[in-house]
Amino acid sequence: MANIEDTKIVNKNLTRRTLLKSIAVALPASAVILQQDTMADDLPKLDPSDPTAMALVYVEDPADLDKSNPAAARYQAGQTCANCIQIQGDSGDYRPYGIFPGKTVAAAGWCSVWAPMT
Ligand code: SF4
């Protein structure tokens, strides 16, 4: 039969084991996040004059939208790349996203295919 001191040791070991398991899970996840942020810093910015970017009416600042373009009429205040479903990452002025792999877009930017995050 275990005495109180043995029980404390067992519980201490379980706690340490649980902590180590948590760290083992957390470290790879944080490494992925750090890697994603580092990659975003290394990626080139999407040039608004890129033909596809122009077709999507992409701008780094919605104030620069060409109001004569019918696609620009879709813009509503508050819509930005930062709250678009296509953006990847939670921080940074420029972030990777799905439509142009290998490029970043301005978090404050916008294009005509903006869709809200769900
Ligand atoms: S799809 Fe979304 S994230 Fe990409 S440029 Fe358009 S608004 Fe920005």
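The numbers attached to residues start from 1 for each chain and follow its sequence in the written order. Since the coordinates come from a predicted model, pLDDT governs what is reported: local features require at least 70, and pairs of side-chain atoms require 80 or more to be given and counted, while whole-chain, interface and lining totals use all residues.

Bringing the confidence of the model for the protein into the picture now. Caution applies to low-pLDDT parts of the model: their predicted coordinates are not meant to be read in detail. Per-residue confidence for the protein gives a mean pLDDT of 79, with 66% of residues at or over 70. How sure the predictor is of each residue is captured by pLDDT, a score from 0 to 100. Numbering of helices and strands runs from the N terminus; a helix is a DSSP stretch of H or I covering at least four residues, while a strand is a stretch of E covering at least two. Of all secondary-structure elements in the protein, the lowest mean pLDDT belongs to helix H1 (residues 4-42), at 51, while strand E2 (residues 104-106) reaches the highest, 97. Remark: residues whose backbone-derived C-beta atoms lie within 7 Å of one another are considered to be in contact. Here residues 25-34 is modelled with pLDDT under 50, and outside its nearest four sequence neighbours on either side it reaches zero contacts, counting other chains as well.

All right, on to the site of the ligand then. Each residue gets a C-beta atom placed from its backbone. If that atom is within 6 Å of a molecule or strand, the residue is near it. Not every one of the 13 residues close to the ligand is listed here, only the nearest: Cys81, Cys84, Gln86, Cys111 and Trp114. When the residues that make up the shell around the ligand are grouped by side-chain class, the tally is 11 nonpolar, two polar and no charged. For this classification, Asp, Glu, Lys and Arg are treated as charged, while Ala, Val, Leu, Ile, Met, Phe, Trp, Tyr, Cys and Pro are nonpolar and the rest, including Gly, are polar.

Moving on, we get to unusual backbone geometry. Non-glycine residue Val57 carries a positive phi angle of around 60 degrees. Residue placement: Val57 occurs in the loop between helix H2 (51-55) and strand E1 (94-96). Owing to 21 C-beta atoms within 10 Å, Val57 belongs among the buried residues under this scheme. Buried means a residue has 20 or more other C-beta atoms within 10 Å of its own C-beta, exposed means 12 or fewer, and partly exposed covers the counts in between; C-beta atoms are placed from the backbone.

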